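Commentary on secondary and tertiary structure
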Amino acid sequence: MDCEIKLCLVIIFLFSSATNCVFGEPQVPCLFIFGDSLSDSGNNNDESTDAKVNYKPYGIDFPSGPTGRFTNGRTSVDILGDLLGFDHYIPPYANTNGADIVQGVNYASGAAGIRNETGTHLGQDISMGMQLEHHRDIVSQIAKKVGSEEVQQHLNKCLYYVNIGSNDYLNNYFLPEYYPSNGKYNADQYAVALVEEHSTYLKALHDLGARKFSLIGLGTIGCVPHEMIRHGKKLCVEEESKAALLFNDKLKALVDRFNEELPDAKFIFINTAIMKDDSLKFDMMNLICCKVGSNGQCIPNEEPCKDRKMHPFFDEFHPTEVLNNATANMAYSSPDPAFVYPMDISHLVKL
Ligand SMILES: *[C@@H]1O[C@H](CO)[C@@H](O)[C@H](O)[C@H]1NC(C)=O
Ligand SMILES: *[C@@H]1O[C@H](CO)[C@@H](O)[C@H](O)[C@H]1NC(C)=O
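Given the structure is predicted, the values throughout are model-derived calculations rather than measurements.

Let us look at the overall build of the protein chain. From N to C terminus, the protein chain includes 11 helices and five strands. The C-alpha atoms of the protein chain give 20 Å as radius of gyration, which agrees with the globular expectation for 351 residues (20 Å, within 12%). Dimensions of the protein chain, computed from the C-alpha atoms along their principal axes, are close to 70 × 50 × 40 Å. For the protein chain, with 351 residues in total, the buried portion stands at 54%. Long-range contacts, defined here as pairs at least 24 residues apart, represent 71% of the contacts in the protein chain between residues at least 6 apart. Accessible area of the protein chain: about 15,800 Å², with a carbon and sulfur share of 55%. Charged side chains in the protein chain number 29 positive and 45 negative. The centres of these two groups are separated by 2 Å.

Right, here's the structure in full:
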């Protein structure tokens, strides 16, 4: 009997070391998430906005069903949390129970952007600036729990995941009927202004104790099905993808600048625009999986496609879990500096 227990322990030990310590502590004590619908896990549910999806068929492959996640299953950052060894999903700011905030909070909000006005033609959202205010509130709550001496040490060790900016294009710059930015800036000037504003938020986050930053670049937004359809095209809208690449170039340059100016911190840039995974096989005649309304979101309660793995997008904007999985796995671990610069997340968290 004694022997069997020992054998069992050995097996558990081997198994846990082979799978990123699923039984042990996560690789970072905490994960804070800033962003938009790609990361939102329910913050918009009680906002007055069209950009919320806490209804079926969203969440059809998520254990607890619809939660406000804009996909069929897990988001990229959910999967990243799994890879880092968290045994729970980081709770949305709108729905923390108070006990769980020490291990991180998700502030992301669908339709939100770096600019305050972004996405507001859809209703209320929580812009990057407001997300930072929410983090300020959480930091003071954590200080009460762990003590004001320990709080900085704790916050220094966390991973800060920031994935925002798509809506500053899709729900701002490329909707000139609602927003003036397109008339005020050319694409290059707009990218400069956005990254400049973003840098002030990231600096403020650093002032609040953040030291490990994973900054996610924009995807090829002109290839989002809604944009192709809106322009009556079967091909990507080049002008939109090019604008996103300008943003990415400047975000990457910001990573270099901050790594010099803030030597106590480390910033990395994840270039999702060049993500590719040859193991994925999609039905390119049917990019999306659910029946959508004119806003590009799934129509409530309609049956989605049967084989979600065959479609890169769930609705007209948002990737399916299988694509989120590929993105998260590459961001976590990739040898390619064109994709993870200057290192991947698995190395960032070990610093
Ligand atoms: C955007 O909103 C934030 C948070 O409410 C505020 O601090 C900031 O001054 C606003 N920025 C602009 C440019 O209006
Ligand atoms: C997620 O991606 C990893 C790495 O590419 C792969 O090994 C795994 O099978 C994928 N999981 C799912 C559920 O698609």
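Moving on, there is more to tell.
The contact between helix α3 (residues 128-146) and helix α7 (residues 187-207) brings their axes to 10 Å, and the two run at 5 degrees. With respect to α7, the axis of α3 lies roughly parallel. The residues of α7 that touch α3, namely those facing Met128, Gly129, Leu132 and His135, are His198, Tyr201, Ala204 and Leu205. Its residues placed into classes, the contact of α3 with α7 shows five nonpolar, three polar and no charged.

This part covers the sheet that holds strand β2 (residues 159-163). Think of a sheet as strands paired side by side through backbone hydrogen bonds, with each pair either parallel or antiparallel. Overall, mixed pairing links the five strands, which are arranged β1-β2-β3-β4-β5 in an open sheet. Each of the sheet's edge strands pairs with one partner strand only, and the pair in question is β1 (31-35) and β5 (340-341). Inspection of the sheet shows β2 paired to strand β3 (residues 212-216) by four bridges, in the parallel sense. Opposite Tyr161, over in β3, you have Ser214 as the bridge partner. In the packing of helix α9 (residues 238-261) onto the sheet, the strands contacted are β3, β4 (266-270) and β5, and the crossing angle to β4 comes to about 165 degrees.

Between helix α2 (residues 76-83) and helix α10 (residues 321-332), whose axes approach to 8 Å, the crossing angle comes to 50 degrees. It follows that α2 is oblique to α10 by the angle criterion. Seen from above, α2 lies across α10 with right-handed handedness. From α2, Ser76, Ile79, Leu80 and Leu83 reach across to α10, where they touch Glu321, Asn324, Asn325, Thr327, Ala328, Asn329 and Tyr332. Partitioned by chemical class, the residues of the contact of α2 with α10 number five nonpolar, five polar and one charged.

On to the site of ligand 1, then. Around ligand 1 sit Asn116, Gly129 and Met130, and those are all the residues in its vicinity. Residue Asn116 places a side-chain N or O atom 2.4 Å away from an oxygen atom belonging to ligand 1. Isolated, ligand 1 exposes 360 Å² of accessible area, and the fraction of that covered by the protein chains is 39%.

Right, let's get into the nonpolar core. Core analysis: the biggest nonpolar cluster contains 48 residues, and Phe32, Phe34, Tyr160, Tyr169, Phe213 and Phe247 have the highest contact counts within it. At eight residues, the largest contribution of residues to this core is made by α7. Core analysis: the next-biggest nonpolar cluster, separate from the first, contains 28 residues, Leu159, Ala331, Tyr332 and Val340 among them.

The step from Lys56 to Pro57 runs through a cis peptide bond, and the omega angle for that step is 10 degrees. Checked against the element boundaries, Pro57 lands in the loop between β1 and α2. Here Tyr341 and Pro342 are connected by a cis peptide whose omega angle stands at -5 degrees. Mapped onto the secondary structure, Pro342 falls in the loop between β5 and α11 (345-348). Phi is positive for Ala111, close to 80 degrees, though the residue is something other than glycine. Of note, Ala111 is situated in the loop between α2 and α3. Here Asn301, not a glycine, exhibits a phi torsion of approximately 65 degrees, which is positive.

Our next topic: the pattern of salt bridges. Here the structure, examined in full by the defined rule, presents 13 salt bridges. One salt bridge in this structure joins Arg308 and Asp61, with 2.8 Å as the shortest N-O distance. Of this pair, Arg308 sits in the loop between β4 and α10 while Asp61 sits in the loop between β1 and α2, and the two are 247 residues apart along the sequence. Arg308 sits in the buried class, given a relative accessible area of 18%. Judged by its relative accessible area of 34%, Asp61 is partly exposed. Here Glu117 makes a salt bridge to Arg115, at a shortest N to O gap of 2.8 Å. A residue is classified by how much of its surface remains accessible, and Glu117, at 28% relative accessible area, is partly exposed. Three or more residues joined by partner-sharing salt bridges are found here, namely Arg74, Asp82 and Glu321.

Conventions used here
Residues numbered from 1 in each chain as written. Chains lettered and ligands numbered in written order. Predicted model: local features only at pLDDT ≥ 70, side-chain atom pairs only at ≥ 80, totals over all residues. Heavy atoms only, no water. Helix = DSSP H or I, 4+ residues; strand = E, 2+ residues; numbered from the N terminus. Rg over C-alpha atoms; globule rule 2.2 N^0.38 Å. Buried < 20%, exposed > 50% of the residue type's maximum accessible area, 1.4 Å probe, protein only. Contact = heavy atoms within 4.5 Å. Areas by Shrake-Rupley, 256 points an atom, 1.4 Å probe, with all protein chains shown as cover. Lys, Arg positive; Asp, Glu negative; His and termini not counted. Charge placed at Lys NZ, Arg CZ, Asp CG, Glu CD. Axes fitted to C-alpha atoms, helices over the stretch in contact; angles between N-to-C directions. Parallel < 35°, antiparallel > 145°, perpendicular 65-115°, else oblique. Nonpolar A, V, L, I, M, F, W, Y, C, P; charged D, E, K, R; others polar. Pairing = 2+ DSSP bridges. Left-handed = near helix turned anticlockwise from the far one by under 90°. Near = heavy atom within 4 Å. Polar contact = N/O pair within 3.5 Å; in protein donor to acceptor, adjacent residues only side chain to side chain. Core = buried A, V, L, I, M, F, W, Y, C linked by side-chain atoms within 4.5 Å. Salt bridge = Lys/Arg side-chain N within 4 Å of Asp/Glu carboxyl O.

Such coordinate-based values are descriptive only and should not be taken to indicate function.
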